[in-house]
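What follows is each chain in one-letter form.
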Amino acid sequence: MTDVSVKMDAPFEQSLLDRSPVPTIGKEIARIDGPRKVSGAARYAAEHFPDGVVHGVLLRAPVGCGRITAVDATAALAMPGVLAVIRDERMIRNAGDFGGDAAPVQGVDEVAYFGQPIGLVVADSLERARAASLCVRVSFESAPGVFDMMAARDSALPPTDDIFGLFLIHTEQGDVERAAGEAKFLVDTIWETPSQNHAAMEPHASVAIWQEGRLTLHGSYQSPVVTRDQLATVMGLPPSQVRVLSPFVGGGFGGKLGVMPEAVAAAIAAQQLGRPVKVVMSRQQVFETTGRRPMTHQRVRLGANRDGRLTLVQHETITDQLEGEVFFEPAGLATHLLYAGENRMVDHKVVRTNKQLAVSMRAPGEAVGLLTLECAMDELAERLGLDPIELRLLNEPETHPEMDVPFSSRALVDCFRQGAARFGWETRNTRPGQMRDGDWLIGQGVAAAARGNLFGPSRVRATIQGDGRVLVETEMTDIGTGTYTILAQIAADLLGMPLEQVEVRLGDTNDPRSAGSGGSWGATTSGSALYAACAELRARLAAAAGVPVEAVTLANGVLTAPGISRPISELVGNGLSVEGATEPGESNQRFNQTSYGAHFCEVRVHAVTGEVRVLRWTSVFAAGRILNLQTAISQAIGGVVFGIGGALTEELVHDPRTGKIVNRDLGEYHVPAHADIPAIDIQFLEERDPVANPLHAKGVGELGVCGAGAAVANAVYNATGVRVRQFPITLDKLLPGLPPVAG
Amino acid sequence: MIAFDYIRPADETAALHAATERPGARFIAGGTNLLDLMKLGIERPRYLVDIGALDLREVTETSEGGLRIGALVTNAALAAHPLVRQRYPVLSQAILAGASGQLRNKATTGGNLLQRTRCYFFYDPASPCNKREPGAGCSAIGGFNRIMAILGTSAHCIASHPSDMAVAMRALDARVETRLPDGQTSSRTLEALYRLPGETPHVDHRLAPGELITAVVLPPPPAGRQSYRKVRDRASYAFALVSVAAVVSMREGRITEATLAFGGVGTMPWRNRKAEALLIGQAPSAALFERCADAVLAEATGHGGNDFKIPLLRRTLVASLAKLTGGEP
């Protein structure tokens, strides 16, 4: 039951975080869960071994579109240790995604994409289940499918859903055609970005246990409560009968938001066999049967006057998705607000293809949309003869250029200025292809980062126990982001407790429901709910001490006020517990809330072979108050690495004949290796955003990837004079434009 | 993986005996490729003979002045061996350009030679593949074939050989020593070890059933400079798109000896003696290197997605030759 809540209808001018006498917030605090992770005490989903557990391996559809006509499991069932080959209509065909409690598309006969799960083989060991899965004979009828999005572009239609109003399908103002005709300088470009996989380190895994009609699932999920609700719907159970536990998650990036096929299969098998069932996806299955960032075809048209002021901002995106699914890649998200310009159009369309489900992946929209917009801005700057930063400063809007609302905080200009100084931008080579170091061509690039800041409902319970220790409980997850640590810091600072006295418990649907990890809002929503709970606890402590709360200072476990000093543990009896909550309010409509940044990149490109290596990196971000400098920097670095991968190496290849994912392992789907990444210099500007939430913080998790790839691409152009508009920029695309080899 | 029997014999005789006793037996050493393929159901041996206990871990100098490398010498140990680093830097460089530190610690010399292709379709039982299932068809032809071969291909298979180490060994004229089931020994070049896919791409090499690689013998170190240049999509942990192993010797401004081997482009580690012969007795020049590249690429065929390997190999070869014959030490 919620005791107190914070609703953001107006700016929250005074944050108690600015008043803690011994602050940990903002400092570089090492993860409090770190020792558990490095010692193995932190147990991930697949590391649960309940008594009698058996192992399931998913079966895959060997056809890209059609129908399974027969499954012959005779040979598999005759193998030692094999318990069952299960095909159940409740099994899910598409992965779940964020959002409501509806079941994902179910069924095991109709096939909409290659590799779709069509059953589960269960045996007494993983090895036996895997061997048996290879001996199941699957017969099918194939049907004509749409496997090549680029070839089917003409069939694109507007998306059917605007995803809770977060993704604008189409916006238009002014007259874009007229503006294009009248523009003194026009850049009209077509870009393609490929499908990508989240490639979290921990594969999707679930262990299902039934006890007295109740289902417990240990799973690797970003939002256990969404997974629980969807799983309950799938299984035909009330949510109260299902518990999902995800205390430790080895990366998600949007790939673990809704319920996934392995959880449903494990639950059904455990129910049928009357014993716990574990299903861990192989890496190939993660690539093939979860979700992907869809490919995009983007047109970016920018027009400017002679002085460099934008008159036209146009961004049209075609992306792909399975029939009947609502998510689409909103590549124009940041285009709405990044630059001024009178005539504007942002549009999205979807081609229905027979390819794996398209889902959110780190910064859906901006990650691929800024990749193209910020490259097009680079092209326009060159056309105008302007420094790319100067072009951006010239087009800095005072208010949201489409919605006539102010920005809650916007330090993009400062990010560019400070980044330029840190990086040494003014000494760069301005003429493409003219800087050389032996065999290597050297280039520099810059791009803006922007990512919308969201606020949603979240709940956290904070308890000061009788011994003075603090317990923080919420269903919120830590997917490698640092949630354990930042929640402990907030509680420690607001309740005047040393950090070691705070225990944080996460990822259990029995605890208060959170907003989950996704959309860069986990820290701010759960942190604000905790803030509300702690503020109420402060009031109750003050009341117990008989002093007004305004007069109270809490530090080192002691309450002090004029004339009084008492250990907090003496004021709480057997313990004080408060549940805090957040509610979105009018501030979401009255202000645009966005985190910003600027990336600076130096690359070298081998003049003979076209190999691209990133040499140097600086990013400067403004994302409100930074809660923990160390974990925020880690997030930012991770985002930049994502951006480098997106620019240079990552491409999920679909076979145009079947839609099948061709490169389904980490040997051939190339995420950057350590040797690809230089030292990455990250700076966060000092900023407070009272409009956003009581913490005055904005989202950080996805900001780093936004625009990072464009800085790389612009640097590659600067190095070589070759503009590649089909990502990733692999060396084969650069080769035709490289200088001849000197014998 | 499909159930199998396993034995770990103590010596070569027992290993050969075990392998001949059961048809279809496979030797296993580091297992860095075979185990993966077994988990995927692509290799399904019924009987594994683990040769890990055999005494094949030494690197010794031969009486001719070369090196004998035991088949079980790990890639990591071989790359770091002082005599390899001093006398055969092309081999050390090639090994270090391959795989990852962890894999190199586990992978062995003999196993590296016999690793199977990394063709995407070979690795997926749901894709037709003549190498995996004779007569099934080739998915790479007409499909995504960016990493496939341009030399030595057939209408049945265009899969490239993945090894870096074997490319350097081919440039060094290494010989592979084996023991046959009857106890006889044999020695052959890498060219004679491997075979082109032709109409039987499922057969990668010419070893007889039960024949065990015991060593790789390097002849005395060649005169001149050596280099291994690997071009790949990321800086580490990626197979070669193109690689060039080159050993070139000069005297009085003319090339006296040259051996060249290529990775990432052939269905086996590739060598072209005609192209090498063009260089002998010539003064280095851009035109000469281009003619050499012409000869290497004379029979190269792209398949769409890998067309770029043709100019990439040309450029990499020309640049490698220019470096090796240039003025700098």
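Scroll up to find the structure.
Residues numbered from 1 in each chain as written. Chains lettered and ligands numbered in written order. Predicted model: local features only at pLDDT ≥ 70, side-chain atom pairs only at ≥ 80, totals over all residues. Heavy atoms only, no water.

Mind laying out the nonpolar core, listing which residues take part and the relevant values?
Core analysis: the largest hydrophobic core is formed by 170 residues, its most contacted members being A:Val603, A:Trp617, B:Leu78, B:Leu91, B:Leu113 and B:Met169. With ten residues, the single largest contributor to this core is helix H8 (residues 366-384) of chain A. Every residue in contact with B:Met169, bar those within four places of it in the chain, is listed here: B:Ile69, B:Leu78, B:Leu91, B:Thr109, B:Leu113, B:Ala174, B:Leu190 and B:Val216. (Core = buried A, V, L, I, M, F, W, Y, C linked by side-chain atoms within 4.5 Å. Buried < 20%, exposed > 50% of the residue type's maximum accessible area, 1.4 Å probe, protein only. Helix = DSSP H or I, 4+ residues; strand = E, 2+ residues; numbered from the N terminus. Contact = heavy atoms within 4.5 Å.)

Please set out the interface of chain A and chain B residue by residue, giving values where relevant.
Counting residues at the interface gives 44 residues for chain A, matched by 44 residues for chain B. Taken together, the two surfaces of chain A and chain B that pack against each other cover about 3,300 Å², and 58% of this comes from carbon and sulfur. Our count for the contact surface shared by chain A and chain B stands at six salt bridges. Salt-bridge contacts for B:Asp124 lead to A:Arg664; the nearest nitrogen and oxygen are separated by 3.5 Å. For the pair chain A and chain B, the interface holds 13 residue pairs in polar contact (both at pLDDT 80 or more). Breaking the side of chain A that touches chain B down by element, the ones donating at least two residues are helix H3 (126-133) and helix H16 (731-734) of chain A. It is H3(A) that provides the largest number of residues to the side of chain A that touches chain B, a total of three residues. Residue composition of the side of chain A that touches chain B, by class: 22 nonpolar, nine polar and 13 charged. (Buried area = accessible area lost by both parts, 1.4 Å probe. Salt bridge = Lys/Arg side-chain N within 4 Å of Asp/Glu carboxyl O. Polar contact = N/O pair within 3.5 Å; in protein donor to acceptor, adjacent residues only side chain to side chain. Nonpolar A, V, L, I, M, F, W, Y, C, P; charged D, E, K, R; others polar.)

Account for H8(A), naming residues and giving values.
Residues and elements named next belong to chain A. When the terminal C-alpha atoms of H8 are compared, their 25 Å separation across 19 residues agrees well with the 27 Å that a helix rising 1.5 Å per residue should span. Most of H8 is tucked away, with 17 of its 19 residues classed as buried. In the stretch just after H8, Gly385 is the one whose phi turns positive, near 70°. (Expected span 1.5 Å × (residues − 1).)

Describe the packing of aromatic side chains, and please don't skip the residues or the numbers.
Under the defined criterion, the tally for this structure stands at 15 aromatic pairs over all chains. Centroid distance B:Tyr120 to B:Phe121: 6.0 Å. Interplanar angle 90°. Geometry classified as edge-to-face. We note that B:Tyr120, like B:Phe121, is buried. Directly above the ring of A:Trp191 sits A:Arg725, whose terminal nitrogen or CZ lies 5.5 Å from the centroid. (Phe/Tyr/Trp six-rings, centres within 6.5 Å; stacked < 30°, edge-to-face > 60°. Lys NZ or Arg CZ within 6 Å of the ring centre and 35° of its normal.)

Can you lay out the sheet that holds strand S24 (residues 564-567) of chain A for me, pointing to particular residues and giving the numbers?
All names here are of chain A. The strand order across the open sheet formed by three strands is S22-S23-S24, and the pairing between neighbours is antiparallel. Two strands lie at the open edges of the sheet, namely strand S22 (553-555) and S24, each paired on one side alone. Neighbour to neighbour, the strand axes of the sheet diverge by 20° on average, direction disregarded. Direction of pairing for S22 relative to strand S23 (residues 558-561): antiparallel, over a ladder of three bridges. Within S23, the residue paired with Leu554 across the bridge is Leu559. (Pairing = 2+ DSSP bridges. Axes fitted to C-alpha atoms, helices over the stretch in contact; angles between N-to-C directions.)

Residue-level account of unusual backbone geometry, with values.
A cis amide bond links A:Phe727 with the next residue in sequence, A:Pro728, at an omega value of 0°. Positionally, A:Pro728 belongs in the loop between helix H15 (708-720) and H16. Although it is not a glycine, B:Asp173 sits at a positive phi angle of roughly 60°. Relative to the assigned elements, B:Asp173 resides in the loop between helix H8 (165-171) and strand S6 (175-179). A relative accessible area of 36% places B:Asp173 in the partly exposed class. Positive phi is not limited to glycine here, since B:Glu252 has a value of about 50°. As for its position among the elements, B:Glu252 is in the loop between strand S10 (242-251) and strand S11 (254-263). Judged by relative accessible area, B:Glu252 falls into the exposed class, the value being 79%.

So what's going on with the state of the cysteines? Which residues, and what values?
Counted under the stated rule, the structure contains zero disulfides over all chains. Cysteine A:Cys706 shares no disulfide, and the gap to the nearest cysteine sulfur, in A:Cys415, comes to 13 Å. A residue is classified by how much of its surface remains accessible, and A:Cys706, at 0% relative accessible area, is buried. Cysteine B:Cys119 shares no disulfide, and the gap to the nearest cysteine sulfur, in B:Cys129, comes to 5.7 Å. Relative accessible area serves as the criterion here: at 5%, B:Cys119 is assigned to the buried category. (Disulfide = S-S within 2.5 Å.)

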